[in-house]
Every structure is written in structure tokens, then in C-alpha cells.
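Given next are the chains, with one letter for each unit.
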Amino acid sequence: MTVSRFRTILYIVVAIVAVAGLADATFLSVQALSGETTSCGGSPDCFRVLGSSYAKIGRVPVALLGAFAYFCVFAFATFAAFGYARARTFLIPIVGAMFLATLWFLYVQAFLLHAYCRYCLLSAAITFLIAGLLIAVPPSERRSDR
Amino acid sequence: MKRYLPFLIVIGVALGTFGSGAMLYRVKHSQLQAKPEATALSANSGSEPTHIRGNPEAPVTLEEYGDFQCPPCGSFAAFAEELLKEYDSRLRIVFRHFPLAVHEHAREASLAAEAAGLQGRFWEMYDVLYREQATWSKAPNVRELFESYAGTIGLNVDQFRKDMDGEQAKARIDSDFARAESLGIKVTPSLYINGQPLDAKDKNPEGVRAAINAALAGKPQA
């Protein structure tokens, strides 16, 4: 397998994993926007985390920002898989920011809220997987990028 | 064609995400929306509220179906205090029990509140239960804690103990629970303002105030 092909496969995997993250974040966004997280009885695992003050920035649920970030990762990974090498330059800072945000939210769940939301943990796992896959992508050769 | 393929894929996923998110929102929204009290014919059981805070003749009634072990209910209880001060004689708050099965000690906490109510101290126990929610929610033996709270608020603890096991307290809770179920309530806190359910997305200070103001102005809620 050539390096270029391996790189393409990794970007495709990143795009597929990002779709899973997008689905998870969309579900959490809908829960937050529908008001389900301000109640008990809907999702007992998540209300404490998603109903907390840490789950919003102003009036915007962080899950919605997460959904947007996953969509960006999906889009740039798709373009990278199709040979748009410049897409990687966008992909790396976005995934880096997501990685740091994930560390913060894990800290909030473990030490501030003492409660875990399984959908948030799934999102954390997906972000770590994407970060790992991106690290595994071989650096591109110097050539004219599209 | 290959040139446009990534654009088509990205646009397709964006539309798919937006569409499925919108559908899920509609489903969740309809699930969370309880029936208006006025149209729930089967909700007549327990229609006379037992626990009223504020002016009993107030023009606006805020009815809460709550669970003492539910953290959002605890937050609402603190906010309800503010509302009573803010609206003074124009608002009364009614509490009804809806202890959820997912909360291990919720029913016992309701029994404690009702037992305190039999000695005329329902709201004092209500305040203590919500204030100390984080403590007793994780305690292995909540009875001991509830009895200590009963002593703190000046109840006859022996009587309190008997009342917690008595039929009267159980009957009150069962009556509220049956009423909640007949209204299609599934989550706590579920709020009604003058018999109209408050939308789940309005269960925040701004939303509650807007609904109370609308009720005071005589406008039907959206």
C-alpha cells in the first residue's frame, strides 16, 4: 500500500468517525434545545451533566458547538481524502481545540459535577480516536496542493 | 464529477443531520409536552391542592409536580422562593408529588414531607429536603436523616415516624401521582400556570416569569 493510499484511508476513517460524533452531538443538542435536560425522568444519566451551568456558553448548548466542530472535522477530512491537502491545515487546529475541550469536560464531570453522561463520554472517546488517527496520518510530501 | 463529489457528500451529510435533528426535536418536544389541565378529564382525582404557598386567593397559580430527589426540582424550589417575593400576593405555588422510580429515595422523601405536613410543617420540610438533597440522596439510611430533619424543624419525631408509615401520607402521594399520570406527566419538575402546561423549553427563569406575566395580563400562553 502506498503512503498516499494509506493517508486517504485514514482520512476516510476520520470522516466516518466524525459522522458518529456528529450524530452523538446532534442528539445531545436536541436534548438541550428541547428542554429535556432541565428535567428529571427523560435521561437520568445525563440531566446532571447537561443540565449544569457548564453545559452552556451563554444560551448556546456546548453540544451544539460540538456538533458544528464534528461537522467541520467531517467536511475537512472528506476534502483531505479527495486530495485537498490544504484541508489538513484546517483539520489539525479544530481537532486540537476539540481535544482540549474534551479534557476540560472530562475534568468537569469527574471533579466538579461528580457525574458522568455516557453520551458525553462517547463524544470524548470519538475525539480521542480522531486525534489519534490524525497523528497517524503520514506527513504529506511537498507538492502543489489543490 | 469527482471534483464535485466531496461537496455533494458534505452537503448531503449536513442536510441529513439537520433533517434528523429537526425530526428528533419534534418527537422529544411532543413527548415532553404534558396535557393542559383543563382538558384532562381524568385528572380530577386530587384536584384540590393540599400544599399551597403564597396568597391562597392569588390570581396566578403555579403548580409544580416535583420529585424531592430531582436536582432540577431543587433548583426550581430556590427560584420559586424568589418568585413568591417578586410577585407577592399575585402568585400562589402549589406542590404535588411525582416521585420518579429512578430516584431511590424520592418516595420516602415525599412521605417525610407529607408526615411533616400532618403536623402543619410541610413547607419547612420541603425546604430542608431540597436544601439537603445532595446529602440524603446518597445516604444509605435516609430515615435517620429525615427524622433528624423533623427534629430540627420542631416536629414531634415519634408522631412523624408513625405518620411516615401511615396511610394518610401514602394516600396523598398516590393521589398526586395518579393525577400527574392522567395529565401525561413524565418528567419533573412539570409546571402548570393557571392550568396551562409550561413548555419544556420555557422551564427557565425568563420563561417562567414571561408565563406568569402573561397570565397576570390575562393573555393565553403560547
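About the thresholds
- Sequence order sets the numbering: in each chain, residues are counted from 1 along the sequence as written.
- Chains and ligands are labelled by the order in which they are written, letters from A for the one and numbers from 1 for the other.
- Confidence filtering applies because this is a predicted model: local features only for residues at pLDDT of at least 70, side-chain atom pairs given and counted only at 80 or more, and all residues used for totals across whole chains, interfaces and linings.
- Each side-chain value is worked out from all heavy atoms of the structure, with water and hydrogens disregarded.
- Helix numbers and strand numbers start at the N terminus; a helix is a DSSP run of H or I with at least 4 residues, a strand a run of E with at least 2.
- With a 1.4 Å probe rolled over the protein chains alone, any residue whose accessible area is under 20% of its type maximum counts as buried; one over 50% counts as exposed, and the rest are partly exposed.
- Any two residues having at least one pair of non-hydrogen atoms within 4.5 Å are treated as being in contact.
- Accessible surface area values rest on a Shrake-Rupley calculation with a 1.4 Å probe, where residue burial reflects the displayed protein chains alone.
- Take a side-chain nitrogen of Lys or Arg and a carboxyl oxygen of Asp or Glu: if they are within 4 Å of each other, that pair is a salt bridge.
- Within a predicted model, pLDDT stands for the predictor's per-residue confidence, ranging from 0 to 100.
- The distinction between a cavity and a pocket rests on a 1 Å grid over the protein atoms alone: a 1.4 Å probe fits inside a cavity but cannot get out, while a pocket stays open yet meets protein on both sides within 12 Å along at least five of seven lines, and a residue with an atom within 4 Å of a point counts as lining.
- Grid points are joined across faces, edges and corners, and a volume is the space filled by probe spheres set on the points.
- Each residue is assigned to one of three groups, with Ala, Val, Leu, Ile, Met, Phe, Trp, Tyr, Cys and Pro labelled nonpolar, Asp, Glu, Lys and Arg labelled charged, and all others, Gly among them, labelled polar.
- The definition of a nonpolar core used throughout is a set of buried Ala, Val, Leu, Ile, Met, Phe, Trp, Tyr and Cys residues joined through side-chain atoms within 4.5 Å.
- Interaxial angle, 0 to 180 degrees, is taken between N-to-C directions of lines fitted to C-alpha atoms, where a helix line uses only the stretch in contact.
- Less than a right angle of anticlockwise turn of the near helix away from the far helix marks a crossing as left-handed, whereas a clockwise turn marks it as right-handed.
- For two strands to count as paired, DSSP must find a minimum of two bridges between them.
- Expected helix span is computed as 1.5 Å times (number of residues minus one).

Student: Help me get a handle on the overall build of chain A, residues and values and all.
Tutor: Helix and strand content of chain A: five helices and two strands. For chain A, the residues scored as buried account for 47% of the 146 residues in total. Restricting to contacts in chain A with at least 6 residues of sequence separation, those with at least 24 account for 74%. Counting every atom, chain A has about 7,300 Å² of accessible surface; 70% of that belongs to carbon and sulfur.

Student: Please provide a residue-by-residue account of the pattern of salt bridges, values included.
Tutor: Residues and elements named next belong to chain B. Evaluation of the coordinates by the stated rule reveals 13 salt bridges over all chains. Between Arg53 and Asp127 there is a salt bridge, with its nearest N and O atoms 2.7 Å apart. Remark: Asp127 occurs in helix α4 (residues 122-131) and Arg53 occurs in strand β1 (residues 51-54); sequence separation between them is 74 residues. Its relative accessible area of 26% is what places Asp127 among the partly exposed residues. The partner of Glu63 in a salt bridge is Arg96, and the shortest N-O contact between them spans 2.3 Å. Taken together, the positions of Glu63 in strand β2 (residues 60-66) and Arg96 in strand β3 (residues 91-97) put the pair 33 residues apart, joining distant regions of the chain. Considered together, Glu63 and Arg96 belong to a single accessibility category, that of buried residues.

Student: Help me get a handle on the confidence of the model for chain A, residues and values and all.
Tutor: Detailed conclusions should not be drawn from predicted coordinates in areas where pLDDT is low. Confidence along chain A averages 86 in pLDDT terms, with 90% of residues attaining 70 or more. The weakest mean pLDDT in chain A belongs to helix α2 (residues 47-50) of chain A at 73; the strongest belongs to helix α3 (residues 62-81) of chain A at 95.

Student: Outline the layout of surface pockets, listing residues and values.
Tutor: By volume, the largest pocket amounts to about 1,200 Å³. Considering the residues around the largest pocket, the lining is formed by 38 residues, among which Thr37, Thr38 and Gly51 of chain A together with Pro72 and Ser75 of chain B are closest to the centre. The leading source of residues in the lining of the largest pocket is helix α2 (residues 71-87) of chain B, at five residues. Across the lining of the largest pocket, the residue classes break down as 16 nonpolar, 14 polar and eight charged. Reported here for the second largest pocket is a volume of approximately 630 Å³.

Student: Go over the nonpolar core with me, naming the residues and quoting the values.
Tutor: Of all hydrophobic cores here, the largest spans 38 residues; its most connected members are Phe68, Met125, Tyr126, Leu129, Trp136, Phe146 and Phe160 of chain B. Contributing elements (two or more residues each) for this core: α2, α3 (106-117), α4, α6 (142-152), α7 (157-165) and α8 (167-182) of chain B. Take this core: its biggest share by element is seven residues, from α4 of chain B. When residues no more than four places from it in sequence are discounted, the contact partners of Trp136 of chain B are Phe68, Gln69, His105, Ala109, Leu129, Val142, Leu145, Phe146 and Tyr149 of chain B. One finds Leu10, Ala67, Phe74 and Ile126 of chain A within the second-largest nonpolar core, a separate group that totals 31 residues.

Student: Residues and numbers for the confidence of the model for chain B, please.
Tutor: Residues and elements named next belong to chain B. Taken as a whole, chain B shows an average pLDDT of 87; of its residues, 89% reach a score of 70 or greater. Mean pLDDT across the secondary structure elements of chain B bottoms out at helix α1 (residues 5-32), with 87, and peaks at α3, with 95. At the level of chain-chain contacts, confidence expressed as ipTM amounts to 0.81, with global pTM at 0.67.

Student: Please set out the packing of helix α4 (residues 87-113) of chain A against helix α5 (residues 118-136) of chain A residue by residue, giving values where relevant.
Tutor: For any two helices packed against each other, one specifies the inter-axial angle together with the distance between the axes. All names here are of chain A. α5 packs onto α4 with a crossing angle of 145° between their chain directions and a minimal axis gap of 9 Å. For the pair α4 and α5, the sense of crossing is left-handed. Between α4, through Arg88, Leu91, Val95, Met98, Phe99, Thr102, Leu103, Leu106 and Gln109, and α5, the contact on the second element is made entirely by Cys120, Leu121, Ala124, Thr127, Phe128, Ile130, Ala131 and Leu134. By residue class, the composition of the contact of α4 with α5 is 13 nonpolar, three polar and one charged.

Student: How would you summarise the side chain of Ser110 of chain B if you had to cite specific residues and measurements?
Tutor: Residues and elements named next belong to chain B. With respect to the helices and strands, the residue Ser110 is situated in helix α3. Residue classification places Ser110 among the buried positions, given a relative accessible area of 0%. Beyond its immediate stretch of four places on either side in the chain, Ser110 contacts Phe68, His97, Pro99 and Ile173.

Student: Hey, could you go over the sheet that holds β1 of chain B for me, with residue numbers and the actual values?
Tutor: Residue and element names in this part refer to chain B. With mixed pairing, the five strands of this open sheet are ordered in space as β1-β3-β2-β4-β5. Each edge of the open sheet carries a strand with a single partner, namely β1 and β5 (196-197). As paired elements, β1 and β3 share four bridges and run antiparallel to each other. Pairing of His51 across the sheet is with Phe95, part of β3.

Student: Go over α3 of chain A with me, naming the residues and quoting the values.
Tutor: Residues and elements named next belong to chain A. Taking 1.5 Å as the rise per residue, α3 with 20 residues should run 28 Å; its terminal C-alpha atoms sit 28 Å apart, in good agreement. Burial of α3 is extensive: 14 of the 20 residues sit out of reach of the surface. Note on α3: the residue one or two positions beyond its end, Gly83, has a positive phi of about 95°.

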